Amino acid sequence: MIELKNIRKSFGEKEILKDVSLKMEAGKTNLIIGASGSGKTVLMKCMVGLMNVDSGQVIYNNEDFTAMTDKEKKPIRQEIGMLFQGSALFDSMTVEQNVMFPLDMFSNKSYKERKKRVQEVLDRVQLKDANNKFPAEISGGMKKRVGIARAIVLNPKYLFVDEPNSGLDPQTSLVIDKLIKDITVDFNITTVVNTHDMNTVMESGDHIIYMHQGKKQWEGSNEDIIFSEDKLLNDFIFASEFFQDIKEMRKMEVFRDKAWRKKGGTPSSNS
Ligand SMILES: Nc1ncnc2c1ncn2[C@@H]1O[C@H](COP(=O)(O)OP(=O)(O)OP(=O)(O)O)[C@@H](O)[C@H]1O
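As annotated in an unreviewed UniProt entry, the protein chain carries the name ABC transporter ATP-binding protein and is attributed to Chitinophaga alhagiae.

A tally of helices and strands in the protein chain yields 10 helices and 10 strands. In summary, the protein chain has a C-alpha radius of gyration of 20 Å against a globular reference of 18 Å for 271 residues, a match within 12%. The dimensions of the protein chain, computed from C-alpha atoms along their principal axes, are 55 × 50 × 35 Å. Burial statistics for the protein chain: of 271 residues in total, 34% are counted as buried. Taking all contacts inside the protein chain whose residues are at least 6 apart in sequence as the whole, residues at least 24 apart take part in 65%.

A few words on helix 1 (residues 40–48). Regarding helix 1, the residues found buried are Lys-40, Val-42, Leu-43, Met-44, Cys-46 and Met-47. Directly beyond the C-terminal end of helix 1, a positive phi value near 85° is found at Gly-49.

Here we come to the site of the ligand. Taken together, Phe-11, Ile-16, Gly-34, Ser-36, Gly-37, Ser-38, Gly-39, Lys-40, Thr-41 and Val-42 are the residues near the ligand. Examining the composition of the shell around the ligand, we find that three residues originate from one element, helix 1, more than from any other. A breakdown of the residues in the shell around the ligand according to their chemical character gives three nonpolar, six polar and one charged.

A few words now on the confidence of the model for the protein chain. Per-residue pLDDT for the protein chain has a mean of 88; in total, 95% of the residues score no lower than 70. The weakest mean pLDDT in the protein chain belongs to helix 10 (residues 241–262) at 73; the strongest belongs to strand 1 (residues 2–11) at 97. Here the prediction assigns the complex a pTM of 0.86, and the interface score ipTM is 0.97.

To continue, consider the packing of helix 3 (residues 95–106) against helix 5 (residues 140–152). Taken N-terminus to C-terminus, the directions of helix 3 and helix 5 make an angle of 25°; their axes are 7 Å apart at the nearest point. Between helix 3 and helix 5, the angle is such that the two are roughly parallel. Like other packed secondary-structure pairs, helix 3 and helix 5 cross with a definite hand, here right-handed. Between helix 3 and helix 5, the contacting residues are Val-95, Asn-98, Val-99, Phe-101 and Pro-102 on the first element and Val-146, Ala-149 and Arg-150 on the second. For the contact of helix 3 with helix 5, the per-class residue count stands at six nonpolar, one polar and one charged.

This part is about the sheet that holds strand 10 (residues 215–220). Ordered by their spatial adjacency, six strands build an open sheet running 6-7-8-3-9-10, and the pairing between neighbours is mixed. Looking at the sheet topology across the chains shown, the edges are occupied by strand 6 (80–83) and strand 10. Direction aside, neighbouring strands of the sheet carry axes that sit 20° apart on average. Helix 1 contacts strand 3 (29–34), strand 6, strand 7 (158–162), strand 8 (190–194) and strand 9 (207–212) of the sheet and is inclined by roughly 150° relative to strand 8. Contacts from helix 5 reach strand 6 and strand 7, with the element oriented near 165° to strand 6.

Conventions used here
- Residues numbered from 1 in each chain as written.
- Predicted model: local features only at pLDDT ≥ 70, side-chain atom pairs only at ≥ 80, totals over all residues.
- Helix = DSSP H or I, 4+ residues; strand = E, 2+ residues; numbered from the N terminus.
- Rg over C-alpha atoms; globule rule 2.2 N^0.38 Å.
- Buried ≥ 20, exposed ≤ 12 C-beta atoms within 10 Å, placed from the backbone.
- Contact = placed C-beta atoms within 7 Å.
- Near = placed C-beta within 6 Å.
- Nonpolar A, V, L, I, M, F, W, Y, C, P; charged D, E, K, R; others polar.
- pLDDT = per-residue confidence, 0-100.
- Axes fitted to C-alpha atoms, helices over the stretch in contact; angles between N-to-C directions.
- Parallel < 35°, antiparallel > 145°, perpendicular 65-115°, else oblique.
- Left-handed = near helix turned anticlockwise from the far one by under 90°.
- Pairing = 2+ DSSP bridges.

And the structure:
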């Protein structure tokens, strides 16, 4: 679990994070959403230690990360997997070499063991026949898979993903969202995703944090979001008529599912 307590961060006179407190649980896909400039990336960078907070605590499994020295932070850093925008693969390395890189850096495994582990994660992200290809030779969706494979190769407890769907078509975005969600559940990872994608919010958001001007404005699940009365959140998510319609449809689905459950039925099989 990751817990943030009263996080504040300013750049000069400008306060970017204003007393943010929240909890993110293992096995859940935790989404951070909000308008451009609301502080999502700064929040994520403070969580992984790429930026220092001015005050407050970032706590990993009851250990105060913010109070640690760089040396003390190292074991937690090794439990963190990250996937940044654009996948950030090394262009001069093959897919296999890219995925093996964290193992080369941080593990004492033999070459044979490292190769076996690389194959395991490439299989997990369903990337076939791509081991010897270079990033320039594969599609955007495949690059994301490589990035995910590399992020999980050290068996992380925590996974941070910044805008997983940037540059992907809607169909590939859904596949990548599902992959991130499945991996989160399968390996009981605490996953934090920064996203603008409303499909991701509706499909993958076990726990959604809505940031507004540096504050945590709202949090809840993708089911809660459709019943929320928070005006700022509603204006942000359901601004268009299209999303208003989706909200009403989702509400009806939830009511129908609840009615089925009451009767002892299985909602999905009756839809
Ligand atoms: N290193 C920095 N120095 C000064 N200001 C910064 C720095 N990093 C971020 N900011 C400012 O902090 C604010 C929040 O930025 P942040 O990148 O967290 O927004 P965001 O919600 O992630 O936006 P987007 O969705 O566009 O990525 C912005 O006003 C930005 O200019």
